Amino acid sequence: MAEKLVFLGMGGTLAGTATSAGDNVGYTAAQVGVQDLLASVPGLKSVMGGFEAVSEQVCQIDSKDLAHTDWRALLGRVSHHLARPEVAGVVVTHGTDTLEEAAYFLSCTVPAELLRHKPVVLTCAMRPASSLTPDGPGNMADAAAVALCRQARGVMVVCAGKIHSAAHVQKVHPYRTDAFDSGEAGPVGLVEEGRVRLLWDWPEVTNSLCNLDSAALQSDAWPRVELLLSHAGATGAVVRALLKPDSNEAPLRGIVLAGTGNGTIHKSMEAALLEAQAQGIRVVRVSRCAYGTVVGSSPTDRSGTFASAGLSGVKARIALMLEIASQT
Ligand code: ASP
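Thresholds, definitions, all that
Each chain carries its own residue numbering, running from 1 in the direction its sequence is written. Residues qualify for local features only when their pLDDT is at least 70, as the model is predicted, and side-chain atom pairs are given and counted only at 80 or more; totals for whole chains, interfaces and linings, by contrast, use all residues. Here the side-chain values reflect all heavy atoms present in the structure, with hydrogen atoms and water set aside. Paired strands are those between which DSSP finds at least two bridges. Only DSSP runs of H or I reaching four residues or more are called helices, and only runs of E reaching two or more are called strands; each is numbered from the N terminus. Should any heavy atoms of two residues lie within 4.5 Å, those residues are considered in contact. Fitted lines through C-alpha atoms serve as axes, helices being fitted only where they are in contact, and the angles separating the N-to-C directions of these axes extend from 0 to 180 degrees. Residue burial is assigned from relative accessible area. The probe radius is 1.4 Å, only protein chains are included, and a residue is buried under 20% of its type maximum, exposed over 50%, and partly exposed in between. A helix is expected to reach a length of 1.5 Å times the quantity of its residues less one. This arc corresponds to the set of directions leading from the helix axis out to the C-beta atoms.

Draft legend 1. Expanded view of the sheet that holds strand β11 (residues 224-229). A sheet is described by the order of its strands in space; here 4 strands give the open sequence β11-β12-β13-β14, paired in parallel fashion. Each edge of the open sheet carries a strand with a single partner, namely β11 and β14 (307-308). Alignment of strand β13 (residues 282-287) against β14, held across 2 bridges, turns out to be parallel. Across the sheet, residue R285 finds its bridge partner in β14, namely S308. Strands in contact with helix α9 (residues 267-278) are β11, β12 (252-259) and β13; relative to β12, the strand with the most contacts, it is inclined by about 155°.

Right under this line is the structure:
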């Protein structure tokens, strides 16, 4: 019988402090432990409705600096807690900068049998814990309300009263507290006065994208996949530089190219990408546009030379990395 809700701390602005309570930008992220953050959540007891809040610090980091090994640690703790019968779900407190990446990574890697009946809800803040008007405590309360919904499943992000699926969420603003958007799909639902109002069904849980036991994911150097952008004046120089062996870096395995418009690529850059592909590097094309995905084959790619993914660039990078890791 589920009776606990687990809060896993990863750091971020939500756990940040500034020297002045009026300063919402000049702070240091990842200073306050998740247990102390929980103590600052207003009305937590009533949101928890008899469930016990259990907390664990997994990392204490500014999420812009996260490494793949931090994701592996997070995945391990999320999977561990979800597998416990007494746990109803997991809330992860996380920095906003790479929140959508962590959410997408977990949605691909947490075993589907664990996610089908229990949710993982990531939450965050745009203002530090020391702010006169912090947004973190309210977001944590909302995340708990979502995680304790009976039918909730899959991986979601809760911020500023909106519930986003891991598949669609992206950070769209560097400052305002409502910093996330689900693009054309829209949010899964809303949290109003602690109550969840669903607009769509809970996110679909599909089978994991990758083989977690693969040696490639157990090692510290995951398959190296770089993310590049095409733009006016682009050349092949960056691609060719990546192809040169570098003793300090793992060998390049893939490139995700965020192309202009419908995934089009500057012809100079495209020539270099074709060279990369001929050398065995996987090249995946996405659109750099904020909304939509690459439709059909683009004018510079009539032969379907590069695969395209219906994902944002940062998520396509994770998908390609996991796919390569699973095959290794
Ligand atoms: N740099 C911070 C982080 O991602 C930003 C935030 O949390 O809002 O950890």
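After that view of the structure, there is still more to cover.
Draft legend 2. Spatial organisation of the environment of G16. With respect to the helices and strands, G16 occurs in the loop between β1 (4-11) and α1 (34-39). Take G16: its relative accessible area is 0%, and that puts it in the buried class. The sequence separation of G16 and S130 amounts to 114 residues, and the corresponding C-alpha distance is 7.1 Å. Setting aside its immediate chain neighbours within four residues, G16 contacts T28, A29, A30, Q31, P128, A129 and S130.

Draft legend 3. Examining α9 more closely. For α9, spanning 12 residues, the distance from its first C-alpha to its last is 17 Å, which sits close to the expected 16 Å at 1.5 Å a residue. Inspection of α9 places M269, E270, A272, L273 and A276 among the buried residues, and these make up the whole buried set. Along α9, the residues classed as buried sweep out an arc of 165° about the axis, all on the same side. Among the exposed residues of α9, those pointing more than 90 degrees away from its buried face are K267 and A278. Immediately beyond the C-terminal end of α9, within one or two residues, lies G280, with a positive phi of roughly 95°.

Draft legend 4. Fine view of the pairing of β1. The buried count for β1 comes to 8 of 8 residues, which makes it a mostly enclosed element. Where burial is concerned, the two faces of β1 agree: the one with K4, V6, L8 and M10 and the one with L5, F7, G9 and G11 are both buried. Sheet topology note: the β1/strand β2 (residues 52-61) ladder contains 7 bridges and is parallel. The residue bridging L5 from the neighbouring strand is A53, located in β2. Bridge analysis of β1 against strand β3 (residues 87-93) gives 6 bridges, and the strand direction is parallel. Across the sheet, L5 pairs through a bridge with G89, a residue of β3.

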